[in-house]
Amino acid sequence: MAAALLQHRRREAEAWAGRLPALRTQALRVAATVAMGSHGRRRAGQGDSFWQFRPYRPGDPVRRIDWRRSARSDRPFLREREWEAAESFWFWLDRSPSMDYHSHPNVLTKGERAAVLAIAAAALLAGSGERIGVLTAGGPVAAGAGKHALDRFLVHLAGAADEANLPPAIGLPRFSSVIGLGDTFAPLDDWDRRIAALSAPGVRGQLVQVVDPGEVRFAHRGRLRLDGMEGEAPELLRRAEDLADAYNSRFAAHGDGLAAICQRRGWRFLRHATDEPPLALLLSLYQALSLNRRVAHA
Amino acid sequence: MLELGLIGVAQPWVLAALLALPGLWWLLRLIPPPPRRERFPAIALLSGLVAREESSARMPWWLLALRLLLAALVIVALADPVFAPQRAFQGKGPLLIVVDNGWHGAADWPARQRVLANLLEEADRSERPVAILPTAHRVAPAGPVSFRPAAAWRAFAGALAPRPWPTDRAAVFAAVDGQEGPGEAVWLSDGLESERRAALAERLQRLGRLVVFQPAGAAVLLQEPETAATGLRIAARRADPRLPAGVSVQAVAGDGRLLANTDLAFAAGEAETSADWTLPRELLNQAERLQIAGSTHAGGTVLLDDRWQRRLVGIAEAGDERAGHPLLDPDHYLRSAFADLAAFRFGPLPALLAERPNLLVTRERLQPDAVTASALDTWLEAGGVLLRFASAGLAEEADDWLPVRLRAASRALGGALSWEVPQRLAPFPEASPFAGLAVPEEVTVSRQVLAEPGPGLRDKTWAVLADGTPLVTAEPRGRGWAVLVHVSAGADWSSLPLSGLFLQMLERLVRLGHGQASPEAGEAPLPPRLVMDGFARLREPPPTVQALPPRPTPATAQLGPDHPPGYYGGEASRFAWNLAPALGAAPLAAIADWPGGVDVRGFQQRRSQDLGAWLFLAAAAVLVLDTLASLWLRGHLRPRLGGAMALAAAAAGLALLLPADPARASDEMALRATLNTHLAYVETGDPAVDRASRAGLAGLSHILTARTSVEPGTPIGVDVETDELAFFPLLYWPVLPDQPLLSNAARERVSAFMERGGTILFDTRDRDAGGEAGPGTLRLRQLLDGMRIPPLEPVPGEHVLTRSFYLISEFPGRWEGAPVWIEANAAAARDGVTSILIGRHDWAAAWALGPDWRPLYPVYPGGDRQRELAYRFGVNLVMHVLTGNYKGDQVHIPDILERLGQ
């Protein structure tokens, strides 16, 4: 997608993100158990939370001596902080040609809606201090954390333009999460293998299925020829309405299958149709990310 | 070329492609129409669902029919169809064209010329030598026929015109006699039989092939009419005993005006018909020609001259004791003689003269009074003929209107006591108008009056008896004649009235009226004046036309190139030489049949038209329909919602264009009038007065706004007849002297307005006329007549109007000095507000302020002070009207008392 479109979507996404009041950084930092952003790694390191007091060893910088603790005893002590590292959220956006579809000019294409959702979620996460990045075919590209993370994220997102149907099967560092947005029409076996590959190092994720309402409920009528958008063989239907029920059940089965796969791997499966408001999905995503935190901590 | 009735097909072999249409049908049935195409990303989910027995869908039958029609139209268009095709002439040898351009050839001459032009073009294209032989020629063709290239004949063919004389096929036969083939002959015939026609056809056929073009219409010849008692007796002949069933005959004046027409019907199977046509004398005398409506040829036109003019003969009444007896009554013979000749009237002489007859017949002495005598002289000078018959006693008293002096006594011949026998007539002198008439044996004269012999008697004699005594003498009087027949009009003096000679003599005399001698009676040849061309149009005679011999008849002069039909003769007396007598009594016959082997065709009246272009156009339209149908089947033509909304918007917009009904207009007026206080003035129709009223009330409104709390809106003009008055508290009414009176409804409305609280200020605007009522006041009285007007009084000094805002004592306007009348004892129900004020000071002009608030009109004689007082009066009036009598209380009483001098 063009960078300008991304910028436009970014503004729209940030507007959505600003509507979620509870995700402001200050409020979150208060509640440690649901705090996102700084995750204690239970070891000494850079961070904000107190970890332990350690006796002074020769060679340590003098300014790190905690005088208050040292005054209580007769030896100098250093304050150590917990190693807090942000979790990385890797976004994967389905850029295959099938995402360029909308059944009615009044709804967005699936690709546009997925981009809006991705940028909104990325804005939320970046605003909360998490590290965000883009999952491309060439590997994960980090956008960092902080206030410019979203800009870098957009740049990387614009640059990653491969047309795979599935997220790339590459190794991810620990404590990563994947958020994939696509129309997930690849066969279930492929999805199973790919999610298994991605989950191997303990990575969790959310899979968001973004579909068009015309794909949810088959609404074509009459004699027509359906062309696939990724080079599939066309289908000639004599009476399209005869296939509606079969298609609908197949679609539902596909969705259920994906949900089962995600369940097995510890991922979450969210469904979104482009005629629904994106806020609904953002709420679900937020819920899912919060739960993900709890699961990770436990 | 294949011909099917009116349609011909130039390339018939292309039509063989139509045989392939069933194959096309079979092919199209096999090919299904392309389906609608849609994109569907989730197509992977459909795999395996689609059943394999999807047979190709059938093309809808109407699409199939449309495509077959398209194919058929294209095939037929390619075959080059032609509407009303011209049949081509294929031939090799020289082409001989015989053109019948006789009098009937003019009937369809354009078609003839067109065929001739086509023939010449064909011959030019195939380079065949051509010869053209017209059958009605000026100069008979001599010698063998000369063939020349077609291009050389073009000028001749263009100049070829029909002739008003009959065809001469014998001469053409003689010219063609020696010709041998091979060749082709074309005969553009006129359908009429004549001598040598069959022989000519046979001779032409010997050349090779003979093609005859025959007209479809039938020939009708109009005969020369005869004079009848009430008009004319017209006759016509037709060539075909079946067609036409009737013709319409028109009488046309010299300048082309149609004077009268009548229908002449043919009995079934009859070739001739005649009918009487009643024409008024005036119309008949103006008619120059009779023609068959719609005919363009010389046979359908008959020129008229004086022979058919209806003369008026006046017969002066004479008291005669034998009037009751038919055979003894001399008038009887005159009446029956003139019955067929002219219209005649009996009457006293002055009445007859008033009708300007051609011939005036008297049997008695003429003793008119002075007026009649001068009228008679005038009439004679103008060309009337006075015919006098002798009577007993005519000789005793001579009057001025006898051509000769009469001897006192009459002569009796053959009486009982006489040796002599009644005289017979001698042949008429050459110079007399009766010259040429045959003298019957049985006419005898037994009694006559005698003329005094004298030197000029012979010149005046028009008829003599056997012994030389004159029977009819005449003297010219100006352009007219005074003629005396020396016998009486009855059968007692002679047997002349009993004979046919009487009729002929009277006829000559009738024609003599207006100074015209019958031209054919003269001796001089008749030079041509105007001749008719083939299309029955009169034009100047070409130099080849010869003069007719004197007394021309079809026997003595032949109608032909030397003597075409037309007018011949002198300036005033012209002789009409017509075609119909020249054709004689021979029946008009249509050509019944042609020798075998002759190709007979009709003249094409329709131009051949190429139909290919139209068929291609139709095919294009079908193609467009087919494309639209295919698009619709594929789903590209789904109606959009936006389109429906656009249609609804257009319908709504159209509804808005409808004119607002008047109820809404009056609602707007009511709204405008009631949302604010407005002063109103009555529109008088005079724009200057209305302008002044409006400016005056606008000025008053401005003053009110500036000085008081009343802020009226712009003044509104009302029409008392139509507008509602109830909105306005004060109505200013300028009364013009010529103001139209009110209708009853308007009067009622004004009365109701005044009774229910409105106030009208009537301003008669006339300067003080010294105590008398001015014109405006008079008009006001008329206006108010019938309205319910309360009693009036001049404004009393303590009326609330004098103190409702300002303290004023006088009410000047543009002028001052006259009293202002107000309602006496204004009703308490209206709060003491007067409903009417009448004055004459022209207040509107005093109040009028221009756009820059400067006064518009001067005031007399007071100047600014008077104007200020006028303003104050206006303010007081408006305050009084709006507030009632609240100032009737005692607010100003102390000031008033002070001013009163206490």
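Colleague: What should I look at first to understand the packing of helix α2 (residues 61-78) of chain B against helix α14 (residues 612-634) of chain B in this one?
Modeller: Axes are the key here: two packed helices are described by the angle between their axes and the distance separating the axes. All names here are of chain B. Between α2 and α14, whose axes approach to 9 Å, the crossing angle comes to 155 degrees. Relative to α14, the element α2 is oriented roughly antiparallel. In this structure, α2 crosses over α14, and the sense of that crossing is left-handed. The class makeup of the residues in the contact of α2 with α14 is 20 nonpolar, two polar and two charged.

Colleague: What's the story with a nonpolar patch on the surface in this structure? I'm lost.
Modeller: Residues and elements named next belong to chain B. A surface patch of nonpolar side chains, amounting to about 530 Å² of accessible area, comprises Trp-25, Trp-26, Leu-27, Leu-30 and Ile-31. Mapped onto the secondary structure, Trp-26 falls in helix α1 (residues 21-30). For Trp-26, a relative accessible area of 55% translates into the label exposed.

Colleague: Would you mind going over the packing of aromatic side chains with me for this structure?
Modeller: We describe a pair of aromatic rings using the distance from one ring centre to the other and the angle between the two ring planes. Evaluated as defined, the whole model comprises 20 aromatic pairs over all chains. For the cation-ring pair, Arg-69 of chain A lies above Phe-53 of chain A, with the distance from its terminal atom to the ring centre recorded as 5.9 Å.

Colleague: Help me understand the interface of chain A and chain B, please; the structure alone is not making it clear to me.
Modeller: By a widely used convention, the size of an interface equals the accessible area lost when the partners come together. Listed by partner, the interface residues are 30 residues for chain A and 22 residues for chain B. Buried surface at the junction of chain A and chain B, summed over both partners, amounts to about 2,600 Å²; 62% is from carbon and sulfur atoms. Of all residues in chain A, the largest losses of buried area upon contact with chain B belong to Arg-223, Glu-235 and Arg-250 of chain A, amounting jointly to 25% of the total for that side. For the pair chain A and chain B, the number of links is one salt bridge. Here Arg-37 of chain B makes a salt bridge to Asp-227 of chain A, at a shortest N to O gap of 3.1 Å.

Colleague: What's the story with the confidence of the model for chain B in this structure? I'm lost.
Modeller: Summarising the model, chain B shows a mean pLDDT of 82, and 89% of its residues fall at 70 or more. Prediction confidence for the complex, expressed as pTM and ipTM, is 0.43 and 0.72 respectively.

Colleague: Can you help me understand the sheet that holds strand β17 (residues 311-316) of chain B in this one?
Modeller: Two modes of strand pairing occur in sheets, parallel and antiparallel, and in both the strands are linked by backbone hydrogen bonds. Residue and element names in this part refer to chain B. Taken together, the seven strands give an open sheet; going across it, the order is β18-β17-β19-β20-β27-β26-β25, and neighbouring strands pair in mixed fashion. Across the chains shown, the open sheet's two edge strands, defined by having one partner strand only, are β18 (342-347) and β25 (461-464). Going across the sheet, the axis of each strand differs from the next one's by a mean of 15 degrees, ignoring polarity. Direction of pairing for strand β20 (residues 385-389) relative to strand β27 (residues 480-485): parallel, over a ladder of five bridges. Bridge pairing in β27 places Leu-387 opposite Val-483. Running at roughly 155 degrees to β18, helix α8 (residues 330-338) makes contact with β17, β18, β19 (359-362) and β20 of the sheet.

Colleague: I would appreciate a short explanation of the environment of Val-487 of chain B in the present structure.
Modeller: Residue and element names in this part refer to chain B. By secondary structure assignment, the location of Val-487 is in the loop between β27 and α12 (500-512). In this structure, the C-alpha to C-alpha distance between Val-487 and Pro-497, residues 10 residues apart in sequence, is 9.6 Å. For Val-487, the residues in contact, after removing those within four places along its chain, are Phe-389, Ala-390, Val-445, Arg-447, Gln-448, Leu-471, Trp-493, Ser-494 and Leu-496.

Colleague: Which parts of the structure should I look at to understand the environment of Leu-49 of chain B?
Modeller: Position of Leu-49 of chain B relative to the elements: it lies in the loop between β3 (36-39) and α2. The exposure class assigned to Leu-49 of chain B is partly exposed, which follows from its relative accessible area of 22%. Apart from residues lying up to four places away in sequence, Leu-49 of chain B is in contact with Leu-243, Ala-246, Tyr-247 and Arg-250 of chain A.

Colleague: Which parts of the structure should I look at to understand the sheet that holds strand β9 (residues 224-227) of chain A?
Modeller: Read across the sheet, three strands follow the order β10(A)-β9(A)-β3(B) without closing on themselves; strand pairing throughout is mixed. A strand with exactly one partner marks an edge of an open sheet, and here the two such strands are β10 (235-237) of chain A together with β3 of chain B. Adjacent strand axes in the sheet meet at a mean angle of 25 degrees, parallel and antiparallel pairs treated alike.

Colleague: Sorry, what's going on with the pattern of salt bridges here?
Modeller: Pairs may arise between side chains of opposite charge once their charged atoms sit close together. All names here are of chain B. Under the definition given, this model contains 40 salt bridges over all chains. Residue Arg-112 is joined to Asp-108 by a salt bridge in which the shortest nitrogen-to-oxygen separation is 2.8 Å. Judged by its relative accessible area of 1%, Arg-112 is buried. Classification of Asp-108 by relative accessible area gives buried; the value is 12%. As a salt-bridge pair, Asp-177 and Arg-203 come within 1.6 Å of each other at their nearest N and O atoms. In this pair, Asp-177 is assigned in the loop between α5 (169-176) and β7 (183-188) and Arg-203 in helix α6 (residues 197-205), connecting sequence segments 26 residues apart. The class of Asp-177 is partly exposed, set by a relative accessible area of 35%.

Colleague: Explanation requested: the pairing of strand β8 (residues 204-211) of chain A in the structure shown.
Modeller: Side chains on a regular strand alternate between the two faces of the sheet. All names here are of chain A. In terms of residue burial, β8 counts as a mostly covered element, since seven of its eight residues are buried. The sheet contact formed by strand β7 (residues 176-182) and β8 spans six bridges and is parallel. Note on β8: the bridge partner recorded for Gly-180 is Leu-207. The parallel pair β7 and β8 is bridged by helix α6 (residues 188-199), and the resulting crossover is right-handed. Where β8 lies against strand β11 (residues 268-273), six bridges are found, and the strand directions are parallel. Bridge pairing in β11 places Val-210 opposite His-272.

The rules we used
- Just so you know, the residues in each chain are numbered from 1, in the order the chain's sequence is written.
- Note on labels: chains are lettered from A, ligands numbered from 1, in written order.
- Only residues with pLDDT of at least 70 are given local features in this predicted model, and only at 80 or more are side-chain atom pairs given and counted; all residues enter the totals for whole chains, interfaces and linings.
- Excluding hydrogens and water, the side-chain figures rest on all heavy atoms present in the structure.
- Axes, fitted as lines to C-alpha atoms, cover a helix only where it is in contact. Angles between the N-to-C directions of the axes lie from 0 to 180 degrees.
- In this description a helix means any DSSP run of H or I spanning at least four residues, a strand means any run of E spanning at least two, and both kinds are numbered starting from the N terminus.
- Throughout this description, any angle smaller than 35 degrees is read as roughly parallel, any larger than 145 degrees as roughly antiparallel, any in the 65 to 115 degree range as roughly perpendicular, and the remainder as oblique.
- Crossing handedness is defined as follows: a turn of the near helix away from the far one that is anticlockwise and smaller than a right angle gives a left-handed crossing, while the clockwise case is right-handed.
- Here the nonpolar group is Ala, Val, Leu, Ile, Met, Phe, Trp, Tyr, Cys and Pro; Asp, Glu, Lys and Arg are the charged ones; every other residue, Gly included, is treated as polar.
- Nonpolar side chains (Val, Leu, Ile, Met, Phe, Trp, Tyr) within 5 Å and like charges within 9 Å form the patches, drawn only from residues with over 30% relative accessible area and no salt bridge.
- Values of accessible area rely on a 1.4 Å probe in the Shrake-Rupley scheme; residue burial ignores everything except the protein chains shown.
- The rule for a salt bridge is simple: a side-chain nitrogen of Lys or Arg has to be within 4 Å of a carboxyl oxygen of Asp or Glu.
- Accessible area is worked out with a 1.4 Å probe on protein chains only. A residue is then buried under 20% of its type maximum, exposed over 50%, and partly exposed in between.
- Aromatic rings from Phe, Tyr and Trp, taking only the six-membered ring of Trp, are treated as a pair when their centres fall within 6.5 Å; an angle between ring planes under 30 degrees marks them as stacked, one over 60 as edge-to-face, and anything in between as tilted.
- Geometrically, a charge over a ring is one whose NZ (Lys) or CZ (Arg) sits within 6 Å of the ring centre while staying within 35 degrees of the ring normal.
- In what follows, residue pairs with any heavy atoms lying within 4.5 Å of each other are defined as contacts.
- In this description, buried area is defined as the sum, over both parts, of the accessible area (probe of 1.4 Å) that is lost when the two are combined.
- As a per-residue measure, pLDDT tells how confident the predictor is, with possible values from 0 to 100.
- A pair of strands counts as paired when DSSP detects no fewer than two bridges linking them.
- Note on handedness: a crossover is taken as right-handed if, strands pointing away from the viewer, the path from the first strand over the helix to the second is clockwise.

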